[in-house]
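One letter stands for each residue in the lines below.
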Amino acid sequence: MEAVQDREPSAPPPQHIAIIMDGNGRWARSRGLPRAAGHERGAKSVRTAVQACTDLGVQYLTLYAFSSENWSRPRSEVDDLMGLLRVYLKREVADLDGRNVRVRFIGQREGLADDIIKLIVKAEERTHSNSGLVLVIALNYGSHAEIVQAAQRLAIRAVDGDIQPSDITEELFAAELETAEIPNPDLLIRTSGEQRLSNFLLWQSAYTELIFTDVFWPDFSRKSLEEAIAEYHQRERRFGATRG
Ligand code: IPE
Ligand code: IPE
Ligand code: MG
């Protein structure tokens, strides 16, 4: 780590880091613990990542907390995950607010418990004018649903005569996504050794640098994050152009 820092002393951090926080269940199993224990430890890693991103001057951190496909897990596990989210939102929002973090949620509200929706709205409202790290929590999120919803909204506008089909550009389309005001991620990290996107930010990550690490999410530390950022700095982003 030090060696890389020495090489790149002043490289700015990625503006937007997105993380697929995976491996809680395997972390727990490897210790003979129930899966819920892994999710609980995973919440600790969330705190660590948020603090590290704040310290490093990252502007946006998007965390995949629950996918639209995660409803197909056993009911008891879904309940555990939602329970942890409740605890996290009740306990942490004041602290996040104190640290000038703005909290935002992406994903469908429909399907979430009413009290969770209230906590989400409260967290967003309370931290709305904060100017520090923007923490985007992807909850009941799936890219396909998000893209279909954007297409539906544009179709309605076209039927209403508000736009012509030929007005639909990449910019107009992106403006209908839930991430409209959020820049595309520069770096996407997935923990636990899996190498897939699992329906996360598919449109937005067209030119994102992907880093897959074997570390299970509960073990993901500040050092893990710094190592991923160092690897990111070694990459050459070309966006389809030639070098230089
Ligand atoms: C990530 O860990 C947490 C969520 C998907 C909500 P997993 O629960 O997927 O853990 P593994 O992949 O089974 O180890
Ligand atoms: C992706 O992890 C979703 C989250 C981390 C919230 P999964 O564990 O659900 O993904 P798959 O099923 O292995 O693709
Ligand atoms: Mg998993």
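One can find the structure itself at the top, above this paragraph.
From a predicted model like this one, the values you see are computed outputs, not experimental measurements.

Basis of the calculations
- Residues numbered from 1 in each chain as written.
- Chains lettered and ligands numbered in written order.
- Predicted model: local features only at pLDDT ≥ 70, side-chain atom pairs only at ≥ 80, totals over all residues.
- Heavy atoms only, no water.
- Helix = DSSP H or I, 4+ residues; strand = E, 2+ residues; numbered from the N terminus.
- Contact = heavy atoms within 4.5 Å.
- Phe/Tyr/Trp six-rings, centres within 6.5 Å; stacked < 30°, edge-to-face > 60°.
- Buried < 20%, exposed > 50% of the residue type's maximum accessible area, 1.4 Å probe, protein only.
- Axes fitted to C-alpha atoms, helices over the stretch in contact; angles between N-to-C directions.
- Parallel < 35°, antiparallel > 145°, perpendicular 65-115°, else oblique.
- Left-handed = near helix turned anticlockwise from the far one by under 90°.
- Nonpolar A, V, L, I, M, F, W, Y, C, P; charged D, E, K, R; others polar.

Asker: How should I be thinking about unusual backbone geometry in this particular structure?
Answerer: The phi angle of most residues is negative, glycine excepted, and most peptide bonds adopt the trans form. In the Ramachandran plot, Ser-198 falls in the positive-phi region, its phi being about 45° despite a non-glycine side chain. Residue position: Ser-198 is located in the loop between β5 (187-190) and β6 (209-212).

Asker: I'm lost on the side chain of Thr-191 in this one. Help?
Answerer: Mapped onto the fold, Thr-191 is located in the loop between β5 and β6. When near neighbours in sequence (up to four residues on either side) are disregarded, Thr-191 contacts Ile-20, Met-21, Asp-22, Thr-213, Val-215, Phe-216, Trp-217 and Phe-220.

Asker: How should I be thinking about the packing of aromatic side chains in this particular structure?
Answerer: Given two aromatic rings, one states the distance between the centres and the angle between the planes to describe the pair. Throughout the structure, instances matching the rule amount to seven aromatic pairs. Seen from their ring centres, Tyr-64 and Tyr-141 are 6.1 Å apart, and the 80° between their planes marks the pair as edge-to-face. Of this pair, Tyr-64 sits in strand β2 (residues 60-67) while Tyr-141 sits in strand β4 (residues 134-141), placing them 77 residues apart in sequence. Here the two residues Tyr-64 and Tyr-141 agree in accessibility, since each one is buried. Between Phe-66 and Trp-71, the aromatic rings sit 4.9 Å apart at their centres with planes inclined by 70°, giving edge-to-face as the arrangement. Phe-66 gets classed as buried once you look at its relative accessible area, which sits at 1%.

Asker: Mind showing me how you'd approach the packing of helix α3 (residues 35-56) against helix α4 (residues 75-98) here?
Answerer: Helices that pack against each other are described as a pair by the angle of their axes relative to one another and the distance between those axes. Their axes nearest at 10 Å, the elements α3 and α4 cross at an angle of 25°. Classed by the angle they form, the pair α3 and α4 counts as roughly parallel. As α3 packs across α4, the resulting crossing turns out to be right-handed. Contacts from Arg-35, Ala-36, His-39, Glu-40, Val-46, Arg-47 and Val-50 in α3 reach Glu-77, Asp-80, Leu-81, Leu-84, Tyr-88, Glu-92 and Leu-96 in α4. Grouping the amino acids of the contact of α3 with α4 by side-chain chemistry returns seven nonpolar, one polar and six charged.

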